[in-house]
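Okay, here's what each chain looks like letter by letter:
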Amino acid sequence: GNSVTQMEGPVTLSEEAFLTINCTYTATGYPSLFWYVQYPGEGLQLLLKATKADDKGSNKGFEATYRKETTSFHLEKGSVQVSDSAVYFCALPDTGRRALTFGSGTRLQVQP
Amino acid sequence: NAGVTQTPKFQVLKTGQSMTLQCAQDMNHEYMSWYRQDPGMGLRLIHYSVGAGITDQGEVPNGYNVSRSTTEDFPLRLLSAAPSQTSVYFCASTAGGLTDTQYFGPGTRLTVL
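In this text, all values refer to a predicted model and were calculated from it rather than measured experimentally.

The rules we used
- Residues numbered from 1 in each chain as written.
- Chains lettered and ligands numbered in written order.
- Predicted model: local features only at pLDDT ≥ 70, side-chain atom pairs only at ≥ 80, totals over all residues.
- Heavy atoms only, no water.
- Helix = DSSP H or I, 4+ residues; strand = E, 2+ residues; numbered from the N terminus.
- Rg over C-alpha atoms; globule rule 2.2 N^0.38 Å.
- Contact = heavy atoms within 4.5 Å.
- Areas by Shrake-Rupley, 256 points an atom, 1.4 Å probe, with all protein chains shown as cover.
- 1 Å grid on protein atoms, 1.4 Å probe; cavity = no way out; pocket = protein on both sides within 12 Å on 5 of 7 lines; lining within 4 Å.
- Points joined across faces, edges and corners; volume = space filled by probe spheres on them.
- Nonpolar A, V, L, I, M, F, W, Y, C, P; charged D, E, K, R; others polar.
- Pairing = 2+ DSSP bridges.
- Axes fitted to C-alpha atoms, helices over the stretch in contact; angles between N-to-C directions.
- Salt bridge = Lys/Arg side-chain N within 4 Å of Asp/Glu carboxyl O.
- Buried < 20%, exposed > 50% of the residue type's maximum accessible area, 1.4 Å probe, protein only.

Q: Would you take a moment to explain the overall build of chain A for this structure?
A: Along the backbone of chain A there are zero helices and 12 strands. Radius of gyration (C-alpha) of chain A: 13 Å, near the 13 Å computed for a compact globule of 112 residues. C-alpha atoms of chain A, sized along the principal axes, occupy 45 × 30 × 20 Å. At a minimum sequence separation of 6, the contacts of chain A that also span at least 24 residues come to 54%. As presented, chain A carries roughly 5,300 Å² of accessible surface, and 45% of it is formed by carbon and sulfur atoms.

Q: Any chance you could explain empty space enclosed by the protein here in plain terms?
A: Think of a ball as big as a water molecule: rolled over the atoms, this probe shows where empty space is left. Per the stated rule, a full pass over the model turns up one cavity of 30 Å³ or more. Within this model, the largest cavity holds a volume of roughly 80 Å³. In terms of lining, the largest cavity is formed by Phe34, Pro93, Asp94, Arg98, Ala99 and Leu100 of chain A together with Thr94, Gly96, Gly97, Leu98, Asp100 and Gln102 of chain B. Breaking the lining of the largest cavity down by element, the ones donating at least two residues are β10 (86–94) and β11 (99–102) of chain A. Taken together, the residues that form the lining of the largest cavity break down as five nonpolar, four polar and three charged.

Q: What is the right way to look at the sheet that holds strand β8 (residues 76–78) of chain B in this model?
A: As a general point, the strands of a sheet are linked pairwise by backbone hydrogen bonds and lie either parallel or antiparallel. Residues and elements named next belong to chain B. Here four strands make up an open sheet; going across it, the order is β1-β3-β8-β7 and the pairing antiparallel. With one partner strand each, in any of the chains shown, β1 (4–7) and β7 (64–66) form the two edges of the open sheet. Neighbour to neighbour, the strand axes of the sheet diverge by 20 degrees on average, direction disregarded. Here four bridges tie β1 to strand β3 (residues 19–25), and the two strands are oriented antiparallel to one another. Within β3, the residue paired with Val4 across the bridge is Gln25.

Q: Can you walk me through the pattern of salt bridges in this structure?
A: Between side chains of opposite charge, a pair can form when the charged atoms approach closely. Overall, the coordinates contain six salt bridges over all chains when judged by the stated rule. The closest approach of N and O atoms between Asp55 of chain A and Lys52 of chain A, which form a salt bridge, is 3.4 Å. For the salt bridge of Asp38 of chain B with Arg36 of chain B, the shortest nitrogen-to-oxygen distance reads 2.9 Å. Residue Asp38 of chain B shares its accessibility class with Arg36 of chain B, and that shared class is buried. When salt bridges that share partners are traced, they join Arg36, Asp38 and Arg44 of chain B into one network.

Q: How should the environment of Glu72 of chain B be read in this particular structure?
A: Residues and elements named next belong to chain B. Position of Glu72 relative to the elements: it lies in the loop between β7 and β8. Relative accessible area serves as the criterion here: at 39%, Glu72 is assigned to the partly exposed category. In this structure, the C-alpha to C-alpha distance between Glu72 and Met27, residues 45 residues apart in sequence, is 8.1 Å. Setting aside residues up to four positions removed in sequence, Glu72 forms contacts with Cys23, Ala24, Gln25 and Met32.

Right, dumping it as structure tokens:
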């Protein structure tokens, strides 16, 4: 079945540092890929998505490119802020169930 | 519109007690799901529904029951709580396309003593 592997956290960065969170997946075909973010004490919300190979999703300064050759969807941001401190989840659809298969999540802590 | 709402926000149970976690959505979504979130394990699917009257098991269904009598509501029942069910529970809904966004509720933090 589908699976998602994310880099272990926590990731601790200083403000304005460059961020990369790695995500690789195993799936049949070329599914849509998602990044969700969970701010402290809240539910998950969609950060960005890509619906086909070579697509780039972007939102709030974050970007991720769907690379089918390496089955990856790494999340990047050029300059992180304290307000980006959250847990980030990579996910792909569980086709039959109309739900999501998630990676284990990566906690990001940005220090001023 | 409120999106996906969940109650209660926090709950403490004793082993063996039962309870129902409530979930409702006002977006007329056909598909709804329940997940549990445990440290280091991401979110795991408990049960899901593809429409009113239709439910099925996810990855970790044991000890939980669901029903879907209306499009809006999707309650999750713990039949006899166990400490292993201590977790944060999230309800989600989606319009159903494979590129569609899942909308999540704010979660219920459950502790079973």
